[in-house]
Amino acid sequence: MIPPFDYKIPKTLEEACQFLWELNGRAKMIAGGTDLVIALRNETMRPQVLIDISKIPELRSIEEMDGMISIGASVTHSEIASSSLIRRYGKVLSDATSEIGSPQIRNLGTIGGNIVNASPAADTLPPLMVLNAVGTIVSKEEKKEVPVAQLFKGPYETSLKPHEILIKMTFPKLSSEMKTSFVRLARREAMAIARVNVAIVLQMRNDLIQEIRVSLGSITPTPQRMTDAEAVLTGKKIEEELVRRASKKISEAMVHRSGVRPSTSYKAPVVESLFLRAFRKALEA
Amino acid sequence: MNQVGVEIPKVDVIDKVLGEMKFGADLPSEGFLFLKVLRSPKPHAKIISIQTEEALKVQGVERIFTAKDILGKNLVGAITKDQPVLASDRVKYIGDPVALIAARTEEIAEEAARKMVVIYEDLPAVTSPEEALKPYAPLIHEKGNLLMEFHVIKGDVQVGFKGADVIVEETYTTTWIDHAYMEPDAGVSYLDEDGRITVVCPTQNVHYDQKEVATVLDLPLEKVRIIQCATGGGFGGRLDITVQCLLALAVLHLKKRVKIIYSREEVFQVISKRHPLKIRYKSGAKKDGTLAAVEVDILGDTGAYASYGGTVAIRSAVHATGPYEVPHVRVRSQMTYTNNPWSGAMRGFGVPQMAFAHESQMDLLAKALKMDPIEIRLKNCLRIGSDTATGQTLMASVGIGETLRKMKEWRDGAAICKDDSKKPFIKKGIGVGSMWYGIGNTGIANPSTAQMEIDINGEVRLFTGVADIGQGSDTVLLQIASEAIGVSLKEIRLIRADTAVTTDAGATSASRQTYISGNALLSAIKKLKQDAIKEASGLLNIDERDLFYEEGRIKSRTCLTTSIPVKEVARRCGKMLRGEGHFDPETTRLDPETGQGAPYATYAFATHLAEVEVDTETGKVKVNRVVASHDVGKAIHPKNVIGQIMGGVAMGTGFALMEEFVPGETTSFVNYLIPTSMDIPEVIPMIVEEEEPTGPFGAKGVGEPALIPSAPAILNAIADAIGQRIYSLPANLERVLEAVQKKESITNGQLAMINDH
C-alpha cells in the first residue's frame, strides 16, 4: 500500500523548480512512474510530495537545432522509438527504446526517468554514451550542462541534487556515414531487464575505422565508454583478430571496474560475443 | 443431441471477456473490515512473545488475533495436518502467519502491522533435504524430518542390469516453481441469512475448505459455508487452505463482514510451490533398445509443511519409469521437511520433474545405442496388456504408441529448420518428450457426487461441487449433461461449488474432474432417467420394461408414435424427477512395501516434439515450435483441450527455460520470470482419442498432461542442438552457456588426442 502523498502538477518549468526548492528533498518527480511507482509501493521511497513533470511543454518535445538533437526528459520511449528525427540522427537510441519492457511500459516510461533511475542496466544509457549526449540540468539557482557519464555517482544514484531537474538530453546529430547498432540480451523476449546491452557508433573511411564509440550496459556500476577497445580499433583496418582483441579489452574493462563477481564467468565471454555481434551489425547497418 | 466433441463457447466466456466476472479482490468491500496477516521474517524461530498493545492503539483497529483465538484444532493440511493457521510457539519458514489484524481499512491494518512487536529466539534452520536427514538435524516437526518414504519394487533390478548392454546413470535436479495464477488470493466472509459463517474465495475444492474451517473454528460442518468465486487458475496452489480460515476466524469472533486481499508478493511468499526434486536415475537397455531395468532415487523438499509432499513422493515414484514397460524396477522416493518455502500441488504432483529425468534418460540410451529417439520410445511404450511398474495390467485406452507414431509421421514429413550458415552461433535442435499420467488420486478413494433434477415446472438443474478454475469444467459438465439427458445445454441450470447447495465432488486436481465428476453426473442422470421411466409408466399406462429413454423423451418400444418429453413427465406427475450420482474409480491401494497395485483406473498419455535454437554465445534458447500429441480418451470440448495444451506448453516452456523461485530473493513477477507472449512457441496440437471404456463418452483428462512433456522435449532439443545435456532446470542463460563451453572443451580435448596419434 502506497503511503499518502501530495501531488503537484506544475505547468511551467519555473513552477516546478519553485516547488522543488521549497520542498527541499521531500519531493520526488514523476513522469511515467514506471520505476517510481514500484519504489513507492515497496516503500523504498517515501516522498511527501510528487511533482508531476509530464505536463511541462518544454520537457515533452524532440527538437533539432544547430546540428544538435535534444530530447525533453518527459518524452516517452515509444515517442523516441517512432521519432523520424531520432531514427535518422541517433538510430542507436531509437533502436534501444523500441526494445524496452513492453508496449505499455514504452508508452509511459520516459527517457529522463530511465536516466535518473540510474540502473546500471538502463537501455538508454549506452546509446546516450555513444551519442556523446549532454544533460541539461535546471534548478531555481542555475542551469548547467553535464555529460551523461557525469550524471551518476553509482548504481541507482545520480549526481543531481534534490532541487535539480534533468530537463533534456542533447547530442550532436550523427552524419549519414555514421553507422550504429544496439544489441540487447535478456532472460526473455520482453519485460525483462537487460543482462547485457551494447551500443556502437562507427564511422569508416577508406576501409579504416575512422571513429568508433562503444558502451555496454549492465557490466559497470555507472555507464562508461570502452576506451581501450575503441583505441585498439581506431584508425585500423578491420580484421577478425583485431576486433577480437578489442572485445577482450571490454571484458577486461568490466572486471577492472566491477571486480570478479559470481556473474563474471558468464558475462565475460558473453560481453565479448555481443560486442562482436554489435560490431558486425553496425558494419552491416 | 450431439453436444459432445463439438465446439461451443465456454459458458463463462462472455462475462470474462467483458471483465464482469468477480474474482476475489472484486468482491464487495463497502462496510467490510480489512484483514492483514503479520508474518514471520525468520525461517525457524521460537516465538517468545507477541506484543499487540501499540498496534491496538491505532485508530480503526478492531482486533488482533493470535493462535490463542483459535478455538478448534490449529492445524490444517490436505493429507497431514501440520500447518497452523496462526503460529503458536514456533515459526518454521519465512512467511509463517503469526497474527491477524482486523481494521477498518487496509491502510490502518498495515499501520497496525508495523506497530506489532514479536520477539523471536532464532533456531537453527534446515535448508536442504540432505541436511534434514542428518542424524542430529534440528527437527521441524516432532515426528522427524522424513515426511514420507515410498518404494516401488518390481522384479529384480540387479538381474535386469546384468542383462543390459548399456547403462546410463545421471542425477537431475529441479527447483521451486510458482503457479503464477492470474489473480492474488483474496476473499470475503460474513454470516449468511442462516447464520452460517460463509467464505467466498477462489479455491479448487469447497468441500475440503469447509471441513478445514469447521475443524479450526470447532464448529459443526453445517455452520460453515464455502462458495467459490471466479478463479483465475489454480494449478494446485488453491488446493491448500489460503485465506479461508483467516477470514472465518475473524467472522467467528467479530460477527462482522471481513475482506482480505493478498499482495502478489504475499502470494509468492506464502502459497505452495512445485517441489524441488533431486533424482538419481539409472537405466539399462538391451542392444535392440528394450529397457532392461531402471533404478531411481528421489529426494524431495516439501519445506516447512507436508501439504501434498507425501502425494508427490508417491506419484513421482509410481510414474518414475515414464510410459514404458520395464521388467525390473526399483524406486526409492523420500520427501523431507526443511525450513524452506513449503511445496504442495503444482500441475503434475511430481510427474513433470520425473518426466524431465526419464525422458533425458531415454535420449541418452537412444544416443548410446545409436537409435532414433522416437523408435526407442515406440519399442518400449506401454500398450494394451502391458504391466506398469506397479504391476497394473493396462486393459484399454493406452494411446502412448499412437501419440509417438503421429509424432514420427509429423517429424518425418516436416521441414525441420537446419542451421543457418549466416548465424554460425545459432544451433538448432529437435527433441521429443513423452509422459503418462494417472487420472485422479493415487490408490485411494477418490469419489465424486452430483445431482440432476427436473422440477414440476420443467426446470432442469445440475448440482455439482466441482470448482471450475478456468479449465472449463462448467462447460464440459453441461455438455455431458445435455448429451446424456437430451435437453439443450442452455436449458440446464448449473449450480456449483457452494457447500450449502452442492455435495462433495472432490478437488479440481489430478486432471480428474472430467473423468470422475463426469461419471458421477452420468450416474445421476441414469437414475433420473429411471425415475422418469417409472413415472411415465404410470402416466402412459405402459409397463416400465416397454419404455426407454431417448433424446429427452420417454418412448414406447412397441408403439413408434407414443412418447413423452421428460419435462412433461415431471409436470404431469407433479413430482420432481431427480437422480443422485456417485462415482469412485476402481483402484487398489498400493502395497506399502513394494508399491504394487493399480493406483489409477485410467492414464492419459502424451508426446511433445520441440524445435529450439540455441545461441551458443549467450546461452539463450528460443523455442520455435512445439508439436503436442495428446491421448485424452475423448475430447468432450476439443477447443478446450487445445486451450489446455497451449497453456501447458507455455508453462512447460517456463519450467524448462526460466522459471525459478529463489528463497530469499524472489519477491514477485519482477524477478520471477514466466514466458511472455513473445517467448511462447508456435504450438501444433494433435488430439488422439483412444477411448477409455469407463470414461464419460470415453474421456480421460488433459489438465496436467498438457504441461508435462514440454520441458523434457525442450531439454532434449537443447541437447540435440549443442551436443551437451543440461541436468538441472531451468536451462537458463548461464547453464546453457556452461554446457556449450563444456562441449567445446571436450571437443578440443578429443581433437588433441587425435592429433597425438
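Residues numbered from 1 in each chain as written. Chains lettered and ligands numbered in written order. Predicted model: local features only at pLDDT ≥ 70, side-chain atom pairs only at ≥ 80, totals over all residues. Heavy atoms only, no water.

What about the sheet that holds strand E10 (residues 165–172) of chain A?
All names here are of chain A. What the five strands build is an open sheet, ordered E4-E5-E10-E6-E7; its pairing is antiparallel. Sheet topology places strand E4 (62–65) and strand E7 (143–147) at the edges, where each strand pairs with a single neighbour. Within the sheet, the average angular offset between the axes of one strand and its neighbour, ignoring direction, is 25°. Relative to E10, strand E6 (residues 134–138) runs antiparallel, the two sharing five bridges. By the bridge assignment, Ile137 is partnered in E10 with Leu166. Across the face of the sheet, helix H1 (residues 13–23) comes into contact with E6 and E10 while running at roughly 130° to E10. (Pairing = 2+ DSSP bridges. Helix = DSSP H or I, 4+ residues; strand = E, 2+ residues; numbered from the N terminus. Axes fitted to C-alpha atoms, helices over the stretch in contact; angles between N-to-C directions. Contact = heavy atoms within 4.5 Å.)

Some words on the pattern of salt bridges
Under the defined criterion, the tally for this structure stands at 66 salt bridges over all chains. Close ionic contact of Glu79(A) with Arg60(A) constitutes a salt bridge, the shortest N to O distance being 2.7 Å. You can see Glu79(A) sitting in helix H3 (residues 77–81) and its partner Arg60(A) sitting in the loop between strand E3 (49–52) and E4, a full 19 residues away along the chain. Among the residues examined, Glu79(A) registers a relative accessible area of 29% and is labelled partly exposed. Between Lys42(B) and Asp122(B) there is a salt bridge; the shortest N-O distance is 3.2 Å. Here Asp122(B) lies in strand E6 (residues 117–122) and Lys42(B) lies in the loop between strand E1 (33–39) and strand E2 (45–51), a separation of 80 residues in the sequence. The exposed category is assigned to Asp122(B), whose relative accessible area is 52%. Salt bridges sharing common partners tie together Glu453(B), Asp455(B), Glu459(B), Arg461(B), Arg493(B), Arg578(B) and Glu580(B). (Salt bridge = Lys/Arg side-chain N within 4 Å of Asp/Glu carboxyl O. Buried < 20%, exposed > 50% of the residue type's maximum accessible area, 1.4 Å probe, protein only.)

Focus: empty space enclosed by the protein
One pass over the full model with this rule turns up four cavities of 30 Å³ or more. Computed from the structure, the largest cavity encloses a volume of approximately 220 Å³. Forming the boundary of the largest cavity are 20 residues, of which Gln83(B), Pro97(B), Ile241(B), Thr242(B) and Tyr262(B) lie nearest the centre. Taken together, the elements giving at least two residues each to the lining of the largest cavity come down to E1 and helix H7 (244–254) of chain B. In the lining of the largest cavity, the residues fall into 15 nonpolar, three polar and two charged. If you add up the space inside the second largest cavity, you get close to 50 Å³. Along its surface, the second largest cavity is lined by Ser119(A), Pro120(A), Leu125(A), Pro126(A), Ser215(A), Leu216(A), Gly217(A), Ser218(A), Thr220(A), Thr222(A) and Pro223(A). Only helix H8 (125–130) and strand E13 (208–217) of chain A provide two or more residues apiece to the lining of the second largest cavity. Tallied by class, residues from the lining of the second largest cavity come to five nonpolar, six polar and no charged. (1 Å grid on protein atoms, 1.4 Å probe; cavity = no way out; pocket = protein on both sides within 12 Å on 5 of 7 lines; lining within 4 Å. Points joined across faces, edges and corners; volume = space filled by probe spheres on them. Nonpolar A, V, L, I, M, F, W, Y, C, P; charged D, E, K, R; others polar.)

Notes on the interface of chain A and chain B
Across the contact, 19 residues belong to chain A and 23 residues belong to chain B. When chain A packs against chain B, the two sides together hide about 2,000 Å² of surface, and 54% of this comes from carbon and sulfur. When the area that chain A buries against chain B is broken down by residue, the three leading residues are Met1(A), Arg188(A) and Glu189(A), summing to 33%. Counting every contact that joins chain A to chain B gives seven salt bridges. Taking the shortest distance from any N to any O, the salt bridge between Glu617(B) and Arg277(A) comes out at 2.9 Å. (Buried area = accessible area lost by both parts, 1.4 Å probe.)

With respect to unusual backbone geometry
Of note, the bond from Leu729(B) into Pro730(B) is cis; its omega dihedral lies within 30 degrees of zero at -5°. Along the chain, Pro730(B) turns up in the loop between helix H17 (710–722) and helix H18 (733–756). Of note, the phi angle at Asn132(A) is positive, near 55°, even though the residue is not glycine. Residue position: Asn132(A) is located in the loop between H8 and E6. Residue classification places Asn132(A) among the partly exposed positions, given a relative accessible area of 35%. In this model, Asp207(A) sits at a positive phi of 70°, which is unusual for a non-glycine residue. Examined against the element boundaries, Asp207(A) turns out to sit in the loop between strand E12 (194–205) and E13. Residue classification places Asp207(A) among the exposed positions, given a relative accessible area of 56%.

Section: the environment of Met68(A)
Residue and element names in this part refer to chain A. Relative to the assigned elements, Met68 resides in strand E5 (residues 68–72). When the C-alpha positions of Met68 and Pro57 are compared, they lie 19 Å apart, and in sequence the two are eleven residues distant. Each residue touching Met68, except ones within four places of it in the same chain, is listed here: Glu63, Thr170, Phe171, Pro172 and Lys173.

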